[in-house]
Amino acid sequence: MSNVKPGNYTDSGSERSTTISHAENNTQQLKGEVLITSMQDSLKLGLVPINIYNDEEIYRLELERIFLRNWIFLAHESEIPNVGDYVQRSIGQDSFIVVRDSQGKIRVHLDVCRHRGARLCVGDRGNTEVFRCPYHGWTYDTDGNLTGVPNRTQAYQGLKLDEWGLVSAPRVESYRGLVFTCLDPEIMSLEDYLGDFRWYLDIHLGLSPEGMEVIGDPHRWNVNADWKSGSDNFAGDSYHTQSLHRSILEIGLASKSAAGSGGSPNDIHVTECSGHSTSIRRNDPGSVFYWGYPEELHMTFSKSDLSFEQRELAERSVVHTGTIFPNLSLIHIGGTDDPAKPIAAWFSLRQWQPRGPGKMEAWSWTLVPKEASKEYKQRAHRVAVANFSPSGNFEQDDVVVWAGVARAGRGAYASHIGLHLNFQMGMEGMSQARQMTDWVGPGVVYDSNLEEGVQRTFFNSWLKSMVR
Amino acid sequence: MIDRQIKDEIEEFLFTEAEVLDDRKLKAWLLMLTDDIEYVIPTRVSRDRDSDISQFSEESYHMFDDIHSLTARVARLGTEFAWSDNPAPRTRRYVTNVRLIQASEKGASVKSNLLLYWSIDESQHLISGERHDNFRRENGGWKLSKRTVLLDHVVLPTPNLATFL
Ligand code: FES
Ligand SMILES: [Fe+2]
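Every value quoted in this text rests on a predicted model; they were computed, and no experiment measured them.

S.K.: Account for the pattern of salt bridges, naming residues and giving values.
M.R.: Residues and elements named next belong to chain B. Taken as a whole, this structure holds 45 salt bridges over all chains when the rule is applied. Asp85 is the salt-bridge partner of Arg24, the closest N and O atoms lying 2.6 Å from each other. A residue pair is termed long-range when its members are at least 10 positions apart, and Arg24 in the loop between α1 (2-22) and α2 (26-30) and Asp85 in the loop between α3 (67-77) and β3 (90-103) qualify at 61 residues. You can call Arg24 partly exposed: its relative accessible area is 35%. Two residues, Glu105 and Arg137, come together in a salt bridge whose shortest N-O distance is 3.8 Å.

Following this line, the structure appears as structure tokens:
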């Protein structure tokens with residue numbers, strides 16, 4: 001197709017406009033579908049149309065085709081440890097109550113009163129035995145059953161209570177403390193959805209025999225950038241650190257091995273791992289570093305149930321970033337808030353919540369091994385905040401460039417000429433990255449992080465959901 | 001009588017501080033802080049009004065800094081590569097409702113309200129909050145020794161916090 005050749009925008013523009021002129025009634029819808037169709041060809045060439053980062057129709061289709069049909073992360077079990085604990089979470093524009101019911105089971109209910117739609121949840125988190133609707137006073141238990149209807153005998157005699165319980169998410173499953181839901185009852189199990197990627201995820205979540213726990217509340221902030229920018233960056237944009245995060249290197253807040261230029265023989269990229277991907281930076285063979293956790297924790301890590309190969313990888317690890325499709329990213333890293341202080345390691349989950357075309361709400365949770373000392377946990381959170389959070393010395397800069405992409409994505413001219421972005425690094429003839437044949441873990445793995453298969457993995461998954 | 005004078009002095013300090021920050025003289029701002037400054041912005045969640053648990057976290061923070069980490073932040077913003085701070089943001093701090101809570105010749109604790117107008121590129125934001133500050137007299141002048149900013153936001157309206165409140 002001519003519209004996917006880089007540097008040949010005039011052709012692609014006229015082809016696009018010819019196609020669009022056939023649709024008299026619903027140009028907008030067609031534009032979204034045209035972008036998706038054209039991407040089936042362009043992505044094979046490593047090209048992504050910039051308009052998908054800020055387009056009404058694409059956004060609407062994403063909410064339907066991606067966020068209603070894939071496993072979406074909601075919470076960490078440690079956020080709601082007790083019966084009756086709840087947090088309020090969202091998927092796109094839909095609000096959900098994630099609550100531990102009277103049996104200790106985690107349930108997910110749409111935060112909408114079945115009578116006439118008022119919201120039930122009071123606040124972002126709390127503990128309750130009952131959700132009472134303020135409007136007319138219907139009450140629901142934490143299982144979602146409708147338990148009370150005021151004036152029922154006079155007013156609602158024939159109402160079958162069991163038909164008017166809360167709408168509960170059809171599928172709720174946890175993996176090593178991470179609570180996900182899927183609004184499509186037909187989906188495969190969460191374990192199968194995470195698939196081979198569990199091998200890498202286990203390294204983070206299974207590192208400590210006691211498990212990981214969340215510190216406090218997640219950071220939340222509004223960014224005028226598309227959710228996909230967060231997902232594709234954390235999927236493994238190892239190429240950006242030396243430029244975008246140069247200030248950090250300059251003042252000595254991070255080492256070259258953590259945030260310098262890519263291309264060290266210790267760096268690998270894991271692509272096409274059940275639809276997910278991760279970028280891994282390591283120390284030299286033989287190093288026992290564990291991202292920078294203190295030595296007393298190394299002892300407990302050795303008691304975890306990781307395989308020999310997983311532990312060997314964990315020992316050498318300096319940074320892992322990754323994205324679980326669609327919008328849950330992770331970073332495991334060590335850092336500091338003061339060049340003179342030693343580094344501390346932490347694990348962060350981050351979620352890029354779609355809030356409109358070219359708009360997202362970023363969420364970030366700090367996690368630490370449960371058995372770490374109180375002092376260490378506090379130090380790790382301080383360091384996490386100083387690096388990855390709205391005030392983070394790293395993250396401050398990330399969101400700024402992502403906002404630029406969303407700004408460009410709404411441009412009529414960019415759309416007219418069919419402007420495509422380059423994700424070709426690592427493709428035939430582009431980089432020295434070679435697929436590894438002797439790698440111990442799953443996925444299609446490259447011996448260099450100077451390749452963008454990790455991000456193409458994200459877009460392949462995106463496309464798979466968007467075309468079906 | 002002494003209180004009145006201290007309040008005036010602290011108010012003067014806060015207004016000067018706002019000017020220093022708005023004028024982007026970040027190194028000068030660091031000199032207004034004691035060496036053992038504790039600078040804290042806790043995260044906030046919305047809760048049932050009648051909950052006895054604070055909306056402000058005692059575990060998680062938007063910033064939790066000491067003089068060293070603040071100095072590192074200022075150094076970073078001073079490099080050529082602090083993209084979050086370029087083009088130069090236009091900020092204006094409105095410091096009002098200054099209340100003296102406790103005072104002596106050596107120290108004072110003060111509450112104030114802060115409204116920060118922050119405009120960068122084409123976007124504009126307002127950040128609102130209450131500040132609980134401790135001041136200490138050092139070599140005859142006041143310095144800030146502790147600040148807790150209680151934000152009026154659950155979700156930060158800004159893409160980042162590349163500034164000081
Ligand atoms: S809307 Fe909830 S009781 Fe009527
Ligand atoms: Fe980054």
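S.K.: Describe the coordination of the iron ion (ligand 2), with residues and values.
M.R.: Residue and element names in this part refer to chain A. Within the protein, the iron ion (ligand 2) binds to His240 (NE2), His245 (NE2), Asp398 (OD) and Asp398 (OD); these donor distances fall in the range 2.1 to 2.6 Å. Each of the 4 donor atoms around the iron ion (ligand 2) contributes to a set of angles spanning 54 to 153 degrees, which defines the coordination as irregular. Written as a sequence motif, the donor arrangement for the iron ion (ligand 2) is H-x4-H-x152-D. Residue His240 is found in the loop between α7 (227-234) and α8 (241-244), and its partner Asp398 is found in helix α14 (residues 395-409); the two are separated by 158 residues along the sequence.

S.K.: Got a sec to walk through the nonpolar core? Specific residues and values, please.
M.R.: Of all hydrophobic cores here, the largest spans 145 residues; its most connected members are Tyr200, Tyr293 and Trp462 of chain A together with Trp29, Phe164 and Leu165 of chain B. Here this core takes 7 residues from α1 of chain B, the largest share from any one element. Setting aside anything within four residues of it in sequence, one finds Trp29 of chain B in contact with Glu17, Val20, Leu21, Tyr39, Leu70 and Phe164 of chain B. Cys113, Leu120, Trp138 and Tyr140 of chain A belong to the second largest nonpolar core, which has 15 residues in total.

S.K.: Can you tell me about the packing of aromatic side chains, naming the residues and giving the values?
M.R.: For the structure shown, the criterion picks out 28 aromatic pairs over all chains. Centre to centre, the rings of Tyr290 of chain A and Phe301 of chain A are 5.0 Å apart; their planes meet at 65 degrees, and the pair counts as edge-to-face. You can see Tyr290 of chain A sitting in the loop between β15 (276-282) and α11 (295-301) and its partner Phe301 of chain A sitting in helix α11, a full 11 residues away along the chain. Accessibility classification places Tyr290 of chain A together with Phe301 of chain A in one group, the buried group. Between Phe81 of chain B and Trp83 of chain B, the ring centres sit 6.0 Å apart and the planes meet at 65 degrees, which makes this aromatic pair edge-to-face. Owing to a relative accessible area of 29%, Trp83 of chain B belongs among the partly exposed residues under this scheme. One aromatic cluster in this structure is built from Tyr53, Phe67, Trp227, Phe325, Phe423, Phe458 and Phe459 of chain A. The ring of Tyr53 of chain A is capped by Lys228 of chain A, whose NZ or CZ atom sits 5.8 Å from the centre of that ring.

S.K.: So what's going on with the sheet that holds strand β6 (residues 125-127) of chain A? Which residues, and what values?
M.R.: All names here are of chain A. Across the sheet, which stays open at both edges, the 4 strands sit in the order β5-β4-β3-β6 with antiparallel pairing between neighbours. Edge strands, defined here as strands with exactly one partner in the open sheet, are β5 (106-110) and β6. Each neighbouring strand pair of the sheet contributes to a mean axis angle of 30 degrees, computed without reference to strand direction. The pairing of strand β3 (residues 85-91) with β6 spans 3 bridges and is classified as antiparallel. Note that in β6 the partner of Tyr86 across the bridge is Gly126.

S.K.: Quick rundown of the domain arrangement of chain A? Include the residues and the values.
M.R.: The figure often quoted for interface size is the accessible area lost as the parts come together. All names here are of chain A. Segmentation of chain A into domains returns domain 1 (72-182) and domain 2 (196-467). Facing 18 residues of domain 1, the contacting portion of domain 2 comprises 24 residues. Note on domain 1 versus domain 2: buried area summed over both sides is about 1700 Å², and carbon and sulfur give 56% of it. Counting the surface domain 1 buries against domain 2, the share from its top three residues, Phe73, Tyr175 and Arg176, is 34%. Applying the counting criterion to the domain 1 and domain 2 interface returns 4 salt bridges. With a shortest N-O distance of 3.6 Å, Arg220 and Asp124 are connected by a salt bridge.

Calculation rules
- Residues numbered from 1 in each chain as written.
- Chains lettered and ligands numbered in written order.
- Predicted model: local features only at pLDDT ≥ 70, side-chain atom pairs only at ≥ 80, totals over all residues.
- Heavy atoms only, no water.
- Salt bridge = Lys/Arg side-chain N within 4 Å of Asp/Glu carboxyl O.
- Helix = DSSP H or I, 4+ residues; strand = E, 2+ residues; numbered from the N terminus.
- Buried < 20%, exposed > 50% of the residue type's maximum accessible area, 1.4 Å probe, protein only.
- Donors = N, O, S within 2.8 Å, 3.2 Å for Na, K, Ca; no water.
- Tetrahedral: all angles 85-135°; square planar, octahedral: opposite > 155°, others 65-115°.
- Core = buried A, V, L, I, M, F, W, Y, C linked by side-chain atoms within 4.5 Å.
- Contact = heavy atoms within 4.5 Å.
- Phe/Tyr/Trp six-rings, centres within 6.5 Å; stacked < 30°, edge-to-face > 60°.
- Lys NZ or Arg CZ within 6 Å of the ring centre and 35° of its normal.
- Pairing = 2+ DSSP bridges.
- Axes fitted to C-alpha atoms, helices over the stretch in contact; angles between N-to-C directions.
- Domains from an automatic or database assignment.
- Buried area = accessible area lost by both parts, 1.4 Å probe.

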